[in-house]
Amino acid sequence: MVRIIIFAALISVALMIYTLIECARTERHRVRSLPKTAWLVIIILLPLLGPGLWFVLGRPTAGASKSPDTQNAPDDDEDFLRQLEIWRRQQQRETELKAREEELKRKEREAKKKPNKGNSSDDSDTPSKDS
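Residues numbered from 1 in each chain as written. Predicted model: local features only at pLDDT ≥ 70, side-chain atom pairs only at ≥ 80, totals over all residues. Heavy atoms only, no water.

Looking now at the pattern of salt bridges. Applying the stated criterion across every chain, the model contains six salt bridges. Asp79 serves as the salt-bridge partner of Arg82, at 2.8 Å between the closest nitrogen and oxygen. With a gap of three residues between them, Arg82 and Asp79 both fall in helix 4 (residues 78-119), about one helical turn apart. In this structure Arg82 comes out as partly exposed when scored by relative accessible area, which is 43%. Salt bridges sharing common partners tie together Glu85, Arg88 and Arg89. (Salt bridge = Lys/Arg side-chain N within 4 Å of Asp/Glu carboxyl O. Helix = DSSP H or I, 4+ residues; strand = E, 2+ residues; numbered from the N terminus. Buried < 20%, exposed > 50% of the residue type's maximum accessible area, 1.4 Å probe, protein only.)

Turning to the packing of aromatic side chains, a few remarks are in order. In total, this model carries two aromatic pairs according to the counting rule given. Both rings, one in Tyr18 and one in Phe55, keep their centres 6.2 Å apart while their planes meet at 20°; by these two values the pair is stacked. Taken together, the positions of Tyr18 in helix 1 (residues 2-25) and Phe55 in helix 3 (residues 49-58) put the pair 37 residues apart, joining distant regions of the chain. Note on Phe55: relative accessible area 29%, which makes it partly exposed. With a centroid separation of 5.7 Å and 75° between ring planes, the pair formed by Trp39 and Trp54 is classed as edge-to-face. A residue pair is termed long-range when its members are at least 10 positions apart, and Trp39 in helix 2 (residues 36-45) and Trp54 in helix 3 qualify at 15 residues. Assessed through its relative accessible area of 2%, Trp39 is described here as buried. Trp54 sits in the buried class, given a relative accessible area of 0%. (Phe/Tyr/Trp six-rings, centres within 6.5 Å; stacked < 30°, edge-to-face > 60°.)

Turning our eyes to something else, we now look at unusual backbone geometry. Even without a glycine there, the phi angle at Ser33 is positive, about 70°. If you trace the backbone, Ser33 turns up in the loop between helix 1 and helix 2.

Without other data, these values stay purely geometric and don't point to any function.
Encoded structure:
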């Protein structure tokens, strides 16, 4: 009988240590039902019941174990592709804007040159009074 009690105590301690470590390593936002510190206290104060409750109510689900920070290839990441398309459009707009500005500057230079040429026409084209 004593052997069974010692074996049960060893199992209880091992289970408690395992659940304490698992609870301590789990990220705060992934713990279910209660805050992380409350789970640590429950696991310590209730030797067999605490770890059992942790496995049933507090432990993160298997589907939640995948972190959202996993890296994908750039062509698989929709956010990256969306940002790349936005960047490409901005670059295209900037290029078009620069081309328009250059065209306006060129037209302004031409407009300034034309009136000067028209005003500077020499009087030799007009017939002289002498002839």
